[in-house]
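Listed below, chain by chain, are the residues.
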Amino acid sequence: VLETKGNKIKVLVSLDRVKDASSIKVQIYENVAVDAVLYDYETELNLAVITINVTDVPVKFFDKISVASLGESFSLSAGSPVIALGNPNGYTSSIDIGIVTSKGNTVSITDNEVDIFHTNMTFNSDSDGVIVNTRGEIVGLITRTIKEGQSKGLSTVLGISKIKSYIEKMLSQSSRVYCGVIAENLSQAAMT
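Residues numbered from 1 in each chain as written. Predicted model: local features only at pLDDT ≥ 70, side-chain atom pairs only at ≥ 80, totals over all residues. Heavy atoms only, no water.

Draft legend 1. Molecular detail of the overall build of the chain. Across its full length, the chain carries four helices and eleven strands. Burial analysis of the chain (192 residues in total) assigns 40% to the buried set. Accessible surface for the chain amounts to roughly 10,700 Å². Of this, 50% is attributable to carbon and sulfur atoms. (Helix = DSSP H or I, 4+ residues; strand = E, 2+ residues; numbered from the N terminus. Buried < 20%, exposed > 50% of the residue type's maximum accessible area, 1.4 Å probe, protein only. Areas by Shrake-Rupley, 256 points an atom, 1.4 Å probe, with all protein chains shown as cover.)

Here it is, written out as structure tokens:
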């Protein structure tokens, strides 16, 4: 949960999980699910915000819902312990623990670059969820769609620091303007 404001609860999900759905359900508890609607999305990052009406959540479960704290992925380094929550291994409501194995990679998207890092956890094509640090702050989002070159077979995670602004714009449904430029870093050899 990213935000509870007014009579809406806003949840961050992977866009490809909900974009073509005729209806969206969010499981609150073992056999308790409520209807949700697509609120806003960011295609290039494969992220979406869905909303749930507060009145649809049974009162006895409402106090179990809490807003996630977004941390900083900049502070991670190789060897940092992390926890994957959601369905990192393809099983709903599962967790996994591991470490950051590489950091400092970026992927270009329109008008921006986002940080990615890798973990030693095993992800698959059904993996989804968040990566949290030992303080319980979200520091990354598991991605199945943003992978380049050598990282195609690795457990790839979007670092949260550079995508916070995208999340904030989705939460407020702010319009996003793009120039349409996708840049690429040049190696030292290419510049000589």
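Draft legend 2. Quick look at the layout of surface pockets. Within this model, the largest pocket holds a volume of roughly 1,500 Å³. For the largest pocket, the lining is made up of 45 residues, of which V11, L12, V13, V26 and G86 are closest to its centre. Every element with two or more residues in the lining of the largest pocket is listed here: β2 (8–14), α1 (15–18), β3 (24–29), β5 (47–53), β6 (81–87), β7 (94–109), β9 (128–132) and β10 (138–142). Considering every element that reaches the lining of the largest pocket, the biggest residue donor is β3, with six residues. (1 Å grid on protein atoms, 1.4 Å probe; cavity = no way out; pocket = protein on both sides within 12 Å on 5 of 7 lines; lining within 4 Å. Points joined across faces, edges and corners; volume = space filled by probe spheres on them.)

Draft legend 3. The pairing of β9, seen in detail. By the criterion of burial, β9 is predominantly enclosed, with four of the five residues buried. In terms of strand pairing, β6 meets β9 through five bridges, oriented antiparallel. Note on β9: the bridge partner recorded for L85 is V130. Bridging between β9 and β10 involves three bridges; their strand directions are antiparallel. For V132, the partnering residue across the bridge sits in β10 and is I138. (Pairing = 2+ DSSP bridges.)

Nothing here speaks to function; it is all geometry.
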